[in-house]
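# Residue-level structure breakdown
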Amino acid sequence: MSFAKWIGGAIGWSFGGPIGAIIGVALGSFIDNLSGNGTPLLGERQTGRSRQRDPYRQRPKQTRRDQKPQTQSGDFEVSLLILASIIIKADGKQDQRELDFVRQQFRNMYGKERANHAFELFKRITKQNISMRQVCMQIKQMMDHASRLQLLHFLFGIAKADGHVAEVEIKQIYTMSGYLGISNKDFESIKAMFYDMTNNAYKILEIDKTVSDDTVKRAYRKMAKKYHPDRVGHLGKEHQNGAEEKFRQVQEAYEHIQNERGFK
C-alpha cells in the first residue's frame with residue numbers, strides 16, 4: 001500500500017478545520033510529488049481547497065441533536081497522532097522511549113506497513129506548532145465519548161513510556177481532557193491506571209473509599225459498561241484490543257476492593 005493510498009483511506013471527518021490544516025502542512029512534499037505525477041491532490045480529492053480554509057468543518061447532519069457522527073478508525077488514528085505529538089513535546093524534549101512507544105503501539109494496532117506510514121506522518125506533525133484547544137474542540141465536536149476516553153488512555157501510556165510521567169505532561173493531558181469534554185472523574189480514573197497511589201482501585205471506579213459495598217458493586221457495573229471494548233467496536237478490532245486494557249484494570253480494581261473488604 002502506497003503512502004498516498006494509506007492517507008487517503010485514513011482520513012474521514014478529520015480532514016477539515018484545524019486538523020485538516022495540520023495534515024495539509026505535513027503532507028506538503030507528498031502532495032507536490034503526487035500532483036507532479038498527475039495524481040489528484042489529496043485536499044482536492046477529499047475536501048476541496050475551500051474546505052481546508054474553513055476554521056471548522058461543517059458538522060454532518062445528525063438524526064438526534066446530541067448524536068455524534070460515527071468515528072472511523074482513520075479519524076481516531078489522525079487525532080491520536082496529533083495529540084501524541086503535543087504530549088511528547090510537553091516536557092520540552094522528545095524522548096526516544098516515547099517515540100518508540102508510539103511506533104510500537106501503532107505496529108501492535110495496525111501492522112508494520114500501516115504503522116510505518118503513520119509514524120512518517122507523525123514525525124512531520126511533531127515539527128509544527130499546534131493549537132491544542134482548536135484541535136481538541138474539533139475532536140470533541142466530532143468524536144464519541146468512548147473514543148475520546150480511549151485517546152486519553154493512550155496519551156497517558158505515551159507520557160509514561162520513559163518510566164516517569166512529568167508534572168508538565170500531567171498538566172497538558174488534564175488541559176487536553178477538559179477541551180475534549182472529558183469529566184474530571186473520568187480523567188482521574190484513567191490517570192489512576194498509570195500510577196501506584198493510595199486508593200487507586202477506588203479512583204479507577206470513580207468512588208470514595210468510605211462508600212458502602214453495594215455502592216462499590218454499582219460503581220463496578222457502571223465502569224465495566226463504560227470501558228467495555230464493544231464501546232469502541234466501530235473503530236475496528238485494533239482499537240478494541242487497546243480498550244481491553246482499561247476494561248481489565250477496572251476488573252482488577254474491583255477484585256482488589258473485594259479482597260480488601262472481604263465480600264463477593
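Residues numbered from 1 in each chain as written. Predicted model: local features only at pLDDT ≥ 70, side-chain atom pairs only at ≥ 80, totals over all residues. Heavy atoms only, no water.

### Things to note about the overall build of the protein chain
Each helix and strand in the protein chain was counted, giving 15 helices and zero strands. Out of the 264 residues belonging to the protein chain, those deemed buried represent 51%. Accessible surface, the protein chain: about 12900 Å² in total, of which carbon and sulfur atoms supply 46%. (Helix = DSSP H or I, 4+ residues; strand = E, 2+ residues; numbered from the N terminus. Buried < 20%, exposed > 50% of the residue type's maximum accessible area, 1.4 Å probe, protein only. Areas by Shrake-Rupley, 256 points an atom, 1.4 Å probe, with all protein chains shown as cover.)

### Quick look at the environment of Glu-260
Assignment of secondary structure puts Glu-260 in helix H15 (residues 237-261). Note on Glu-260: relative accessible area 43%, which makes it partly exposed. Those residues in contact with Glu-260 that lie beyond four places of it in its chain are Tyr-202 and Lys-209. One polar contact links Glu-260 to Tyr-202, side chain to side chain, over a distance of 2.8 Å. (Contact = heavy atoms within 4.5 Å. Polar contact = N/O pair within 3.5 Å; in protein donor to acceptor, adjacent residues only side chain to side chain.)

### Structural notes on the confidence of the model for the protein chain
Confidence in the prediction for the protein chain averages 78 pLDDT; 78% of positions are at 70 or higher. For the protein chain, the element scoring lowest by mean pLDDT is helix H5 (residues 49-53), at 37; helix H14 (residues 213-226) scores highest, at 95. Throughout residues 32-66 the model reports pLDDT below 50, and contacts reaching past four residues in sequence, or to other chains, amount to 48 contacts. (pLDDT = per-residue confidence, 0-100.)

### Quick word on the side chain of Lys-191
Here Lys-191 shows up in helix H12 (residues 184-192). For the buried Lys-191, no salt bridge is present, and the opposite-charge side chain at shortest range is Glu-188, 4.2 Å distant. Lys-191 has contacts with Phe-156 and Ile-170, leaving out every residue within four places of it along the chain. (Lys, Arg positive; Asp, Glu negative; His and termini not counted. Salt bridge = Lys/Arg side-chain N within 4 Å of Asp/Glu carboxyl O.)

### Describing the packing of aromatic side chains
Applying the stated criterion across every chain yields a total of eight aromatic pairs. Ring pairs connect the aromatic residues Phe-156, Tyr-174, Phe-187 and Phe-194, which therefore count as one cluster. The cationic tip of Lys-191 hangs over the ring face of Tyr-195; the distance from NZ or CZ to the ring centre is 5.7 Å. (Phe/Tyr/Trp six-rings, centres within 6.5 Å; stacked < 30°, edge-to-face > 60°. Lys NZ or Arg CZ within 6 Å of the ring centre and 35° of its normal.)

### Comments concerning the nonpolar core
Among the nonpolar cores identified, the biggest contains 73 residues, and Ile-82, Leu-83, Phe-106, Ile-125, Met-176 and Leu-205 are the most heavily contacted of them. Each residue touching Met-176, except ones within four places of it in the same chain, is listed here: Leu-83, Ile-86, Ile-87, Met-132, Cys-136 and Leu-155. (Core = buried A, V, L, I, M, F, W, Y, C linked by side-chain atoms within 4.5 Å.)

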